[in-house]
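An overview of the molecular structure
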Amino acid sequence: MSAAATHAVRDNLTMLRRNLLHARRYPSLTLNLLLTPVILLLLFVYVFGDVMSAGINGGHADRSDYVAYLVPGILFLTAAMTSLGTAVSVCTDMTEGIMARFRTMAISRASVLIGHVVGSVIKTLLALVLVLGIGLAIGFRPDATPVEWIAVIGLMALAGLGLTWIAVGMGLASPSPEGASNMGTPLVMLPFLSSAFVPVDAMPSWFRWFAEYQPFSPAIETLRGLLMGSGIGTENAVLTVAWFVGLSVLGYLWSKAQFNREPKR
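Our subject in this report is the structure included herewith. (Residues numbered from 1 in each chain as written. Predicted model: local features only at pLDDT ≥ 70, side-chain atom pairs only at ≥ 80, totals over all residues. Heavy atoms only, no water.)

Regarding the environment of L158
Structurally, the position occupied by L158 is in helix α7 (residues 146-173). By relative accessible area, L158 is classed as partly exposed at 22%. For the pair formed by L158 and W243, sequence separation is 85 residues and the distance between their alpha carbons is 10.0 Å. Ignoring sequence-local partners within four residues, the contact set of L158 consists of V241, F244, V245 and S248. (Helix = DSSP H or I, 4+ residues; strand = E, 2+ residues; numbered from the N terminus. Buried < 20%, exposed > 50% of the residue type's maximum accessible area, 1.4 Å probe, protein only. Contact = heavy atoms within 4.5 Å.)

Some thoughts on the side chain of S120
Of note, S120 is situated in helix α6 (residues 109-137). Overall, S120 belongs to the buried group, its relative accessible area being 1%. Side-chain polar atoms of S120 contact the side chain of T164, separated by 3.1 Å. (Polar contact = N/O pair within 3.5 Å; in protein donor to acceptor, adjacent residues only side chain to side chain.)

Quick word on the packing of aromatic side chains
The geometry of an aromatic ring pair comes down to the distance between the two centres and the angle between the two planes. Counted under the stated rule, the structure contains ten aromatic pairs. An angle of 15° between the planes, with centres 6.3 Å apart, marks the rings of Y66 and Y69 as stacked. Taken together, the residues Y66 and Y69, both in helix α4 (residues 63-95) and three residues apart, mark about one turn of the helix. Judged by centre distance (6.1 Å) and plane angle (80°), the rings of W209 and F210 are edge-to-face. A relative accessible area of 28% places F210 in the partly exposed class. When the ring centre of Y69 is taken as origin, the NZ or CZ atom of R224, which lies over that ring, is 3.5 Å away. (Phe/Tyr/Trp six-rings, centres within 6.5 Å; stacked < 30°, edge-to-face > 60°. Lys NZ or Arg CZ within 6 Å of the ring centre and 35° of its normal.)

Quick look at the pattern of salt bridges
Enumeration over the complete set of coordinates arrives at one salt bridge. The partner of E221 in a salt bridge is R224, and the shortest N-O contact between them spans 2.6 Å. Of this pair, E221 and R224 are both found in helix α11 (residues 216-228), three residues apart, which corresponds to roughly one turn of the helix. E221 gets classed as partly exposed once you look at its relative accessible area, which sits at 28%. (Salt bridge = Lys/Arg side-chain N within 4 Å of Asp/Glu carboxyl O.)

Section: the side chain of T240
Relative to the helices and strands, T240 is located in helix α12 (residues 234-260). For T240, a relative accessible area of 1% puts it in the buried group. A polar contact of 3.2 Å, which involves the side chain of T240, links it to the backbone nitrogen of A219. Apart from residues no more than four positions distant in its own chain, T240 is found in contact with L155, P218, A219 and T222.

A word on the packing of α7 against α11
Any two packed helices are characterised by the angle at which their axes cross and by the distance between the axes. α11 packs onto α7 with a crossing angle of 160° between their chain directions and a minimal axis gap of 9 Å. When the axes of α7 and α11 are compared, the pair comes out roughly antiparallel. Where α7 crosses over α11, the two elements pack in a sense that is left-handed. Between α7 and α11, the residues in contact are E148, W149, A151, V152, L155, M156 and L163 and F216, A219, T222, L223, L226 and L227, respectively. Of the residues that constitute the contact of α7 with α11, the class distribution is eleven nonpolar, one polar and one charged. (Axes fitted to C-alpha atoms, helices over the stretch in contact; angles between N-to-C directions. Parallel < 35°, antiparallel > 145°, perpendicular 65-115°, else oblique. Left-handed = near helix turned anticlockwise from the far one by under 90°. Nonpolar A, V, L, I, M, F, W, Y, C, P; charged D, E, K, R; others polar.)

Concerning the nonpolar core
Judged by nonpolar contacts, the single largest core of 50 residues is most densely connected at L70, I74, L75, F76, M156 and L223. For this core, the secondary structure elements donating two or more residues are α2 (28-46), α4, α6, α7, α9 (185-189), α11 and α12. It is α4 that contributes the most residues to this core, 16 residues altogether. Non-local contacts of M156, meaning those with residues more than four positions away in its chain, are made with L75, F76, A79, L125, L128 and L223. Core analysis: the next-biggest nonpolar cluster, separate from the first, contains ten residues, F102, V117, V168 and F259 among them. (Core = buried A, V, L, I, M, F, W, Y, C linked by side-chain atoms within 4.5 Å.)

Now the structure itself:
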């Protein structure tokens, strides 16, 4: 490995460590973002579960069936909520001048963003483990094989990567942390407009096309198939990979352009 590559790897690890330490020292944002999907999971299971399950399996499902249906959607909502925290964190670094300071230092410029992205993906996976554990405690019983579990981890890592790069771009483009939070709201709203809570077939026909082909519906259906051993479908798998690879590339290019722009005087 060349000296330049060695320095780049060292800088990436340093920035990753910085972001993980920052999350540990200031856990309130992460905890607040985690509370929403957990509360929604418990709310939809124990308050709306009997009613919502009537729309599953032709009305022949019970609450346990709805738990199996709901948990994959909540996992993606958790990933979206975690990415919102990344947008706020990146914007805070920008507005407090930390990014400008990093630009003047003899470090790899890419490492500043890579540290945020890798740290966010790690936090996303840890948050998903926590929410999945709560799902198991209230009756979620996945039927995935070891290979399917590996595919689940890969799918969620890819989704976390795509959402994080978009969130980083939002954070760099926002004038304030509050603006970054508002700009990231569509990422959090999209799971509510997908098949996370009710089947797409139960939605009005004029809206169904959007719900079916937006990023989260095929991803949630793919995750359901993997976790429950029911098959994922080629179309859902292709759409999921295409969406999140595309979001990763788009978010990376957007973030790079925002980071390299001249700071306003």
